[in-house]
Amino acid sequence: MSGSSARADIAAEQALRVFQSITVTFDSVEQITRGRTDQTIKLNEAELSERLKQFVAALPDISSIWILDTKLDALVSSLFFPIPPAVNAPERAYLKAQLAPDEGIHIGEVVRIQMTGRLIFPVSKWRSDSSGTFAGLTEISVSPQAFERFYGPLAARTSASFSLIRADGAVLARYPLPAVAGIKLDASTGFGQMMAQNPEGGRYTTVSGVDRLERRFVVRKLAGFPLYVGSSLETRDIVGGWLRYMAGHLVFGIPATLFLVVLILLAMRRTSALYIEAERRETLEANLRQAQKMEAVGQLTGGVAHDFNNLLTIILGNLQMALRQNPEGKTKTLMSNAYQAADRAAELTKRLLAFSRSQPLDPHPIDANRLVAGMSDLLDRTLGETVAVETVRSAGLWLVEADGPQLEAAILNLAINARDAMTEGGKVTIETGNAFLDEFYCQAVEGVKPGQYVMISVTDTGSGMPQDVIDKAFDPFFTTKPAGAGTGLGLSQVYGFIKQSGGHVRIYSEIGEGTTVKIYLPRSFARDKQLAGNKAAEDSPAGKQETVLVVEDDPDVRAYVVETLSALNYSVREAANAEAALGILSDSGPVDLLLTDVVMPGMNGRKLAEAAQHRRPGLKVLYMTGYSRNAIVHQGRLDAGVSLMQKPFSQNVLAMRVRTILEEA
């Protein structure tokens, strides 16, 4: 592969990753705006602006995100809150002309934004209302500099040039000269002539219109997008390199050729090492690309899970209260079915949070042998009579640093996947052992540190997986099962939990030979602690007229929590935000417990708790969240002394947690 071709392939892969991430972002914005009118969007501008900021933070190639109405005026932006009048001034027509009411993704030309002075090219997509009618656009502003920064190191002191070009010739980004507004390659250019002959891309030689030098261009089309990435080298560099190579033979003649033969024979001893190094580099690059893709998708899924958890808290809570009133007949059946479906949806959001590494973990030292042994009955019941379960527990096993319930869930997920791979039954073997991952191994695996690990493997005697399936196995929603037979989130949950715990996971499989999944978790040097039981109380413990201050910005979630606590014999005070809560705490009324959401517009729950405890020393605090971000969780772990209740939660869980916090010494 020539240098120009290799660079074109790398640049095309980077551009494709960026635009695939943009596509995922459009889907995520659609989720948070679906069913909302322009009026409700404006009423929730603060919340939506914060969510858009999260998306932009997750994808550094994006400058800003905008939600526009049918007149293409801005309703919400990640860049401004509130939207200033100047954003929708008449002179904004220069940008509106780049936006098209297109049901697909539309990519505009480079324009300079007058308010900020920045160059961007807009990428837009329809928004529809509940009837499917055009309701406006979502616009994502992409900076050409995001691509140009990538192209700089790729050129690496050569004459290489790069460009990102729309199918009609509009230049969106280029290097070494930066992009400017209004550049378009017409049909007479080398690019235009190549497009006329081969719209899928190719090669051509022409005199560059930028530096007036003859260049050899390689052009790659981005799959699924009307975009091309071009890379070029000066012709004289290509020819000069060949001449310099041949000159050595011509100057020295036959004696030199014989000498070269001797050198080649000596160099053969190094050939295998060079091949190994090349393969290692390719593996490292592939792992890095996979890690970047998983990170981008994980950031977005974590944000979406937050909204779902708020909705599910309302749905599950109200259904549970309705079922406590003992309805009869068909009404009870319908409510029970709805509750079970919502409960399954809650489980899916937990898996999304696990994949996105946004679930708050509570790790402690665990004896993996004891944990696996304790799961035997559960595995036997879950996998069924046609599957034999064998455990091979290593003697002298180190303790592992992990969240016990999450580790159990990961092993169970792997065992269920193994069962599904054995349609006619078979054997699942769960094995433990000590392992050391050395520096050479970790150099080829992104994000894994050398050191001592505890290995837990799950092996089946099933059909095995081809390499292309192994490469996608951890992707969210990827499944080889028929429609309706799986969510595609089981292995994604395992992947997210292991990565969040500082570990590593690897799949080994061959067609017809079964599959082994090995997870590696960091060794713990602390003393062992028994896993805490997770038995839920059958009855919700009642209060003793203590006063609970509930702070929640979602009015429906707040209403559910207030009603539940009132029914449990608590005196409840409520606030929609931190400012209102601090006002309540300023008066002389009693407050025994602060129950606050973590993620809120303005002051978050952690800062509210700190301010509240400053005013009332000794005030007890219980957090609730659907997506914790970094307020009370750091490096994926709950901060010391923090009590957290994960949304959605049942009445029993709410009652137990509140009672436990209030009765702590």
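It should be noted that the structure appears before, not after, this text.
A brief look at the structure comes next. All figures in this text were calculated on a predicted structure; none of them were measured in a lab.

### Observations regarding the overall build of the protein
Of regular secondary structure, the protein possesses 18 helices and 25 strands. Put simply, 67% of the contacts in the protein that link residues at least 6 apart link residues at least 24 apart. In the structure as shown, the protein presents an accessible area of about 33000 Å², 54% of it carried by carbon and sulfur atoms.

### A few points about the sheet that holds strand β11 (residues 227-234)
Taking strand neighbours across the sheet as the criterion, the five strands line up as β8-β7-β11-β10-β9 in an open arrangement whose pairing is antiparallel. Two strands in the sheet have a free side with no partner beyond their single neighbour: β8 (171-175) and β9 (201-207). Across the sheet, the mean angle separating the axes of adjacent strands is 20 degrees when strand polarity is ignored. Alignment of strand β10 (residues 214-221) against β11, held across seven bridges, turns out to be antiparallel. Bridging across to β11, Val219 finds its partner in Gly230. Sheet contacts for helix α6 (residues 190-197): β7 (161-166), β9, β10 and β11; angle to β9, the most-contacted strand, approximately 150 degrees.

### Here's the deal with the packing of helix α15 (residues 555-567) against helix α18 (residues 651-663)
Relative orientation of the contacting elements α15 and α18 amounts to 65 degrees, with a least axis distance of 11 Å. The angle between the axes of α15 and α18 places the two elements in the roughly perpendicular class. For the pair α15 and α18, the crossing hand works out as right-handed. In contact with Tyr560, Val561, Thr564 and Leu565 of α15, α18 contributes Gln651, Leu654 and Val658. Per-class residue counts for the contact of α15 with α18 are five nonpolar, two polar and no charged.

### Some details on unusual backbone geometry
Across residues other than glycine, the phi torsion is negative in most instances, and most of the peptide bonds are trans. With omega at -5 degrees, the peptide bond leading from Phe81 into Pro82 counts as cis. Note that the residue after Tyr175, namely Pro176, is joined by a cis bond; omega there is 15 degrees. When you line up the elements, Pro176 lands in the loop between β8 and α6. For Leu72, which is not glycine, the phi torsion reads 65 degrees and is therefore positive. Its place among the elements puts Leu72 in the loop between β1 (62-68) and β2 (74-77). Relative accessible area serves as the criterion here: at 14%, Leu72 is assigned to the buried category. Look at Gln545: it is not a glycine, yet its phi comes out positive at around 65 degrees. With respect to the element layout, Gln545 can be found in the loop between β18 (515-524) and β19 (547-551).

### What about α6?
Structurally, the α-helix is built with 3.6 residues per turn, so residues lying three or four positions apart point the same way. If you check which residues of α6 are buried, you get Gly190, Phe191, Gly192, Met194 and Met195. Summarising the contacts, the buried residues of α6 are in contact with β7, β9, β10 and β11.

### Examining helix α16 (residues 578-586)
Ala578, Ala581, Leu582, Ile584 and Leu585 are the residues of α16 that are buried. An end-on view of α16 places all buried positions within 155 degrees of arc, on one side of the element. Those residues of α16 that are buried lie in contact with β19, β20 (571-575) and α17 (605-615). For α16, the side-chain oxygen to backbone nitrogen distance between the N-cap and Glu579 is 3.3 Å, and the N-cap itself is Asn577.

### With respect to the pattern of salt bridges
Applying the stated criterion to the full structure yields 19 salt bridges. Residue Lys184 is joined to Asp168 by a salt bridge in which the shortest nitrogen-to-oxygen separation is 3.5 Å. On the criterion of sequence distance, the pair formed by Lys184 in the loop between β8 and α6 and Asp168 in the loop between β7 and β8 is long-range, its members being 16 residues apart. Classification of Lys184 by relative accessible area gives partly exposed; the value is 44%. Between Arg659 and Glu663 there is a salt bridge, with its nearest N and O atoms 2.8 Å apart. Here the residue Arg659 and the residue Glu663 both occupy positions in helix α18, the gap between them amounting to four residues, near one helical turn. A single network of salt bridges, built from pairs that share partners, joins Glu109, Arg166, Asp168 and Lys184.

How each quantity is defined
Residues numbered from 1 in each chain as written. Predicted model: local features only at pLDDT ≥ 70, side-chain atom pairs only at ≥ 80, totals over all residues. Heavy atoms only, no water. Helix = DSSP H or I, 4+ residues; strand = E, 2+ residues; numbered from the N terminus. Contact = heavy atoms within 4.5 Å. Areas by Shrake-Rupley, 256 points an atom, 1.4 Å probe, with all protein chains shown as cover. Pairing = 2+ DSSP bridges. Axes fitted to C-alpha atoms, helices over the stretch in contact; angles between N-to-C directions. Parallel < 35°, antiparallel > 145°, perpendicular 65-115°, else oblique. Left-handed = near helix turned anticlockwise from the far one by under 90°. Nonpolar A, V, L, I, M, F, W, Y, C, P; charged D, E, K, R; others polar. Buried < 20%, exposed > 50% of the residue type's maximum accessible area, 1.4 Å probe, protein only. Arc of directions from axis to C-beta. Polar contact = N/O pair within 3.5 Å; in protein donor to acceptor, adjacent residues only side chain to side chain. Salt bridge = Lys/Arg side-chain N within 4 Å of Asp/Glu carboxyl O.

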